[in-house]
4 protein chains.
Amino acid sequence: MAHVLGISGSPMEVSRSAVLLGHVARILEGHGHTVDLLAVRDLPPAALLHADFSDPAIRDTIERLEVADGVVVATPVYKAAFSGLLKAWLDLMPQFGLSGKAVLPLATGGSAAHALALDYALRPVLTSMEARHVVNGYLVLDRFIESPTPVEPSPTEAPVNIHADAAPALGRVLDSFLEALGSRPRARPAA
Amino acid sequence: MAHVLGISGSPMEVSRSAVLLGHVARILEGHGHTVDLLAVRDLPPAALLHADFSDPAIRDTIERLEVADGVVVATPVYKAAFSGLLKAWLDLMPQFGLSGKAVLPLATGGSAAHALALDYALRPVLTSMEARHVVNGYLVLDRFIESPTPVEPSPTEAPVNIHADAAPALGRVLDSFLEALGSRPRARPAA
Amino acid sequence: MAHVLGISGSPMEVSRSAVLLGHVARILEGHGHTVDLLAVRDLPPAALLHADFSDPAIRDTIERLEVADGVVVATPVYKAAFSGLLKAWLDLMPQFGLSGKAVLPLATGGSAAHALALDYALRPVLTSMEARHVVNGYLVLDRFIESPTPVEPSPTEAPVNIHADAAPALGRVLDSFLEALGSRPRARPAA
Amino acid sequence: MAHVLGISGSPMEVSRSAVLLGHVARILEGHGHTVDLLAVRDLPPAALLHADFSDPAIRDTIERLEVADGVVVATPVYKAAFSGLLKAWLDLMPQFGLSGKAVLPLATGGSAAHALALDYALRPVLTSMEARHVVNGYLVLDRFIESPTPVEPSPTEAPVNIHADAAPALGRVLDSFLEALGSRPRARPAA
């Protein structure tokens, strides 16, 4: 089975995108994959903002990215794009740090008017890092995610409900991601 | 005359985009405008990354943005887009925080292949903040900026040279910005 | 007063974006400006698609663009971007054919999920043509435009109603465009 | 083996992007795949520009797209984006017309400054059509393509040379496309 890194890019402690990521992580685990969850807001702020590549916590995340077969990125939409916090972390990763990996981009936002932010803002960045396959992503409206709680995303937390208006589309992008994970070449190219 | 906020979005202490910003600031001052320089990397990292709107240093930057007639944004290009550090700060500003303001986007990068990052990645974000006029921007190749030094950008630092291959185009976008500053309505709409 | 070229980019004979353009044209005329309306679908198809710069009708549109102080572009949103018909015409215009001009981008679409197409897809193209000022644009939902009729847009056609949910925002971008028209330099730079 | 539709989006009779497409088609055939080449400029111009879905030639291209397992799109870069001619054809295809298909985007242009047009302008459109996998694309500089000749792209035409500075990167995106073709699900979802 595959190993997936789930990255939460919200700067907020109580975050719908983190809840969404936890929800997706449990589904991936239900399919037999292992999931490592990373909340960027828990990294050392000064190291992150000053691009301190030598910081042990930053180096640790580079290694966690390197060993992943697939990556799920979850971000809120702010100012017509993904979060600056997420980009600050991506800026510290190797230029081709997504090489050989399948990637699922997810977002949360208050309005459908933000829907294209995933494809126009986030996807080009992921593509520039040489992702093997960025599958179709999905923006879940805030009101379709129940009960965000002030805890870190975790595979063991209580399940959340995704509203019936969003669940089928979320299921489809998850299916694409699961398929992309399964089709990975046995010997992946070096990152 | 107008008052301009110059924002340096580089996470690095030694930064060509900060040098470029200082260079532009001196030219603006030569035209009689006042310039306030803000290096995002000097803000409290934890407040910035955790979206702590109540932090005094963050609130101070909101006020400095509010009183500006124009804004110059200078960023390196990383991963086909502008810096995450810059976006983390923009994420903390009011949704329509650029309302009524003229904006000049500038970037530095190692290759002309990054040129479209200004128009496809940064401009939509600035537009979403209701900037009155985002003038044409310019990406200056790293090799065209001489002598970055490990000091904060300052109007009083020694002048730098912009290579003759980049100076005319930089001059044109500066002219557009100066014109946009001059055409501002006397009573600007409330943000 | 200023002279404005209004460009309808819809391939359809019955077009909400053409109706929207006609509506905006009448308002501009009410402010004393002159408006020249161009429906790209009326140009010779073969000349347009084969990039025949020598075709008289194509050359005529280059001249009509050249003498305009401002440009209003109206397009439907298809496939997350503006119409191919509009782009086929823009492709035939001079590289810096919008130099010195104010530009107002407008779109129509069935869903708010298309809203960012203006800023992420159309605006970079307009900016690459060296527009002096691309003001904030607006996407009007199809259902907010009453009674499209199978006639070409015309300043003399019967007025249409824009729904109260869309009218204020449309009014604001029109105000910005009117202001940008008024602030044009007396001696515009050569294109 | 797979069946591939190669789409040439250049409005020009003599076209480097069409030459590039022919070159890629021969390589794909060398791997045992079948290739159907479509030059959009050969379609009936009026039907294309007036969105006449009932035109037999347009309907024929819808069917040729439908039966393809993979698609190669080749376009020149004009005005910071892909050709309007290509978009005019895509506008006529079904909303989810790329469902289940692998897609390779290719471009030609005079300057590396156009490189991001593929990822920021074309890829979001392809993604909106529900492509199963849009692999990394590549912009080949005009000067790296030898000897465009005024003939339609064809698998039987004389081979062209791709300059050594561009060939390795082109080879890599082709490898990704070949792999994506091979990993297609046996029972593809209905478009």
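Our subject is the structure that appears above.
As a starting point, this report considers the structure included with it. (Residues numbered from 1 in each chain as written. Chains lettered and ligands numbered in written order. Predicted model: local features only at pLDDT ≥ 70, side-chain atom pairs only at ≥ 80, totals over all residues. Heavy atoms only, no water.)

1. Here we look at the interface of chain A and chain B
With 30 residues of chain A at the interface, the matching set in chain B holds 30 residues. Here chain A meets chain B over a buried area of about 2300 Å², counting both sides, of which 65% is carbon and sulfur. The largest contributions to the chain A side of the interface with chain B come from Leu49, His50 and Lys79 of chain A, which together make up 35% of the buried area. At the surface where chain A touches chain B, the tally comes to zero salt bridges. At the level of elements, helix H2 (45–49), strand E4 (81–82), helix H4 (84–90) and helix H5 (117–128) of chain A are the ones that each hand at least two residues to the side of chain A that touches chain B. When residues in the side of chain A that touches chain B are grouped by element, the largest group, five residues, is from H4 of chain A. (Contact = heavy atoms within 4.5 Å. Buried area = accessible area lost by both parts, 1.4 Å probe. Salt bridge = Lys/Arg side-chain N within 4 Å of Asp/Glu carboxyl O. Helix = DSSP H or I, 4+ residues; strand = E, 2+ residues; numbered from the N terminus.)

2. Notes on the pattern of salt bridges
Applying the stated criterion across every chain, the model contains 16 salt bridges over all chains. The network of salt bridges with shared partners includes Asp36, Asp60 and Arg64 of chain A.

3. Observations regarding the relation of the copies chain A and chain B
For the pair of chain copies, the relating transformation is a rotation about an axis with a translation along it. If you rotate chain A by 180° and push it 0.0 Å along the axis, it lands on chain B with an RMSD of 0.0 Å. What the rotation and shift describe, once combined, is the action of a two-fold rotation axis. Most of the interface of chain A is mirrored in chain B: 100% of its interface residues are interface residues there too. (Least-squares fit on C-alpha atoms with pLDDT ≥ 70 in both.)

4. Observations concerning the packing of aromatic side chains
If you walk through the whole model with that rule in mind, you get two aromatic pairs over all chains. Look at tyrosine 120 of chain A and tyrosine 120 of chain C: their rings are 5.5 Å apart centre to centre, the planes differ by 10°, and that puts the pair in the stacked class. Note that tyrosine 120 of chain A is positioned in helix H5 and tyrosine 120 of chain C in helix H5 (residues 117–128), a pairing that runs across two chains. (Phe/Tyr/Trp six-rings, centres within 6.5 Å; stacked < 30°, edge-to-face > 60°.)

5. Remarks on the interface of chain D and chain B
Across the boundary between the two partners, chain D contributes ten residues, which contact ten residues of chain B. Summed over both sides, the interface of chain D with chain B buries roughly 760 Å², with 70% coming from carbon and sulfur. Broken down residue by residue, the surface that chain D buries against chain B is led by Ala113, Leu116 and Tyr120 of chain D, which jointly contribute 69%. For the pair chain D and chain B, the number of links is zero salt bridges. For the pair chain D and chain B, the number of links is two residue pairs in polar contact (both at pLDDT 80 or more). Looking at the side of chain D that touches chain B, the element that brings in the most residues is helix H5 (residues 117–128) of chain D, giving three residues. (Polar contact = N/O pair within 3.5 Å; in protein donor to acceptor, adjacent residues only side chain to side chain.)

Just distances and angles here, no functional claims.
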